[in-house]
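Letter by letter, the chains look like this.
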Amino acid sequence: DTGVSQDPRHKITKRGQNVTFRCDPISEHNRLYWYRQTLGQGPEFLTYFQNEAQLEKSRLLSDRFSAERPKGSFSTLEIQRTEQGDSAMYLCASSLQNQPQHFGDGTRLSIL
Amino acid sequence: AQSVTQPDIHITVSEGASLELRCNYSYGATPYLFWYVQSPGQGLQLLLKYFSGDTLVQGIKGFEAEFKRSQSSFNLRKPSVHWSDAAEYFCAVGGGRDDKIIFGKGTRLHILP
């Protein structure tokens, strides 16, 4: 069990640029989740996949956000035309159905 | 609506003292309940979970939590804290088909030497 891996750990970009984050879940986990955590808050659900199917998206996930899990393994989260308000920690988690979620260390995004 | 309330934003205790972190939840069905811990700049580590059965659950690092349905509470306890326990603690509720988790805003634990 190598744990959930996220890349990069930190991303600094200028407003208006596009960014993409990657998450590699624990290998046998069929569920993968994305959360966003802002300073002083708990993580907030963004979206989740079961295998390659994206089953739910939060209203927090605007049209500028897109997530994929093309082969049911790793996932990417892309933010287009970044805004100041996108600055946050983006957390990925994976699990088996009805089992606790295991979290990665997150990608911290800073928008200049 | 589903929600989690952690009424204490910060708690300070002396090393070796006992600890209780409060958590109340609102959930329409039988909930799955969790406590996670987060160190600065890190992800979340699962301390313990309640799915069903015994309402007193044991977790890692000497933590335990008690599910009280009548009070909609799931408080976290530790009999004697260590300096390494200083971190942010999140209570969370989930369940259902999607296992989506709803987190509280967290309680930051400070330890006095």
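Description of the structure in this document. (Residues numbered from 1 in each chain as written. Chains lettered and ligands numbered in written order. Predicted model: local features only at pLDDT ≥ 70, side-chain atom pairs only at ≥ 80, totals over all residues. Heavy atoms only, no water.)

### Digging into the interface of chain A and chain B
Counting residues at the interface gives 23 residues for chain A, matched by 21 residues for chain B. Both faces considered, chain A and chain B share a buried interface measuring about 1,700 Å² in area, 49% of it formed by carbon and sulfur atoms. On the chain A side of the interface with chain B, the three residues burying the most area are Asn98, Pro100 and Phe103 of chain A, jointly 27% of the side's total. Inspection of the chain A/chain B interface yields 1 salt bridge. Residue Glu56 of chain A is joined to Lys100 of chain B by a salt bridge in which the shortest nitrogen-to-oxygen separation is 2.6 Å. Summed over the shared surface of chain A and chain B, the result is 5 residue pairs in polar contact (both at pLDDT 80 or more). Those elements that provide at least two residues to the side of chain A that touches chain B are β4 (31-37), β5 (44-50) and β9 (88-95) of chain A. With 4 residues, β4 of chain A is the single largest residue contributor to the side of chain A that touches chain B. (Contact = heavy atoms within 4.5 Å. Buried area = accessible area lost by both parts, 1.4 Å probe. Salt bridge = Lys/Arg side-chain N within 4 Å of Asp/Glu carboxyl O. Polar contact = N/O pair within 3.5 Å; in protein donor to acceptor, adjacent residues only side chain to side chain. Helix = DSSP H or I, 4+ residues; strand = E, 2+ residues; numbered from the N terminus.)

### Considering the packing of aromatic side chains
A full pass over the atoms with the stated rule returns 18 aromatic pairs over all chains. Geometrically, the ring pair formed by Phe34 of chain B and Tyr36 of chain B is tilted, given 6.2 Å between the ring centres and 35 degrees between the ring planes. Here Phe34 of chain B and Tyr36 of chain B have matching classes, each one buried. On the numbers, 5.8 Å between centres and 55 degrees between planes, the contact of Tyr36 of chain B with Phe103 of chain B is tilted. Placement of Tyr36 of chain B in strand β5 (residues 32-38) and of Phe103 of chain B in strand β11 (residues 101-103) is noted, with a sequence separation of 67 residues between them. Judged on exposure class, the residue Tyr36 of chain B and its partner Phe103 of chain B are both buried. Aromatic ring contacts, followed pair by pair, group Tyr33, Tyr35, Phe45, Tyr48 and Phe103 of chain A together with Tyr32, Phe34, Tyr36, Phe51, Phe90 and Phe103 of chain B into a single cluster. Positioned over the ring face of Phe74 of chain A is Arg22 of chain A, at 3.9 Å from the centre of the ring. (Phe/Tyr/Trp six-rings, centres within 6.5 Å; stacked < 30°, edge-to-face > 60°. Buried < 20%, exposed > 50% of the residue type's maximum accessible area, 1.4 Å probe, protein only. Lys NZ or Arg CZ within 6 Å of the ring centre and 35° of its normal.)

### What about the state of the cysteines?
Here, disulfide denotes a covalent bond that connects the sulfur atoms of two cysteines. All names here are of chain A. In this structure the tally under the stated criterion is 2 disulfides over all chains. The disulfide partner of Cys23 is Cys92, and the S-S distance across this bridge is 1.8 Å. Between Cys23 and Cys92 the disulfide shows an S-S torsion of about -70 degrees. By sign, it is left-handed. Placement of the pair is Cys23 in strand β3 (residues 19-24) and Cys92 in strand β9, with a sequence separation of 69 residues. (Disulfide = S-S within 2.5 Å.)

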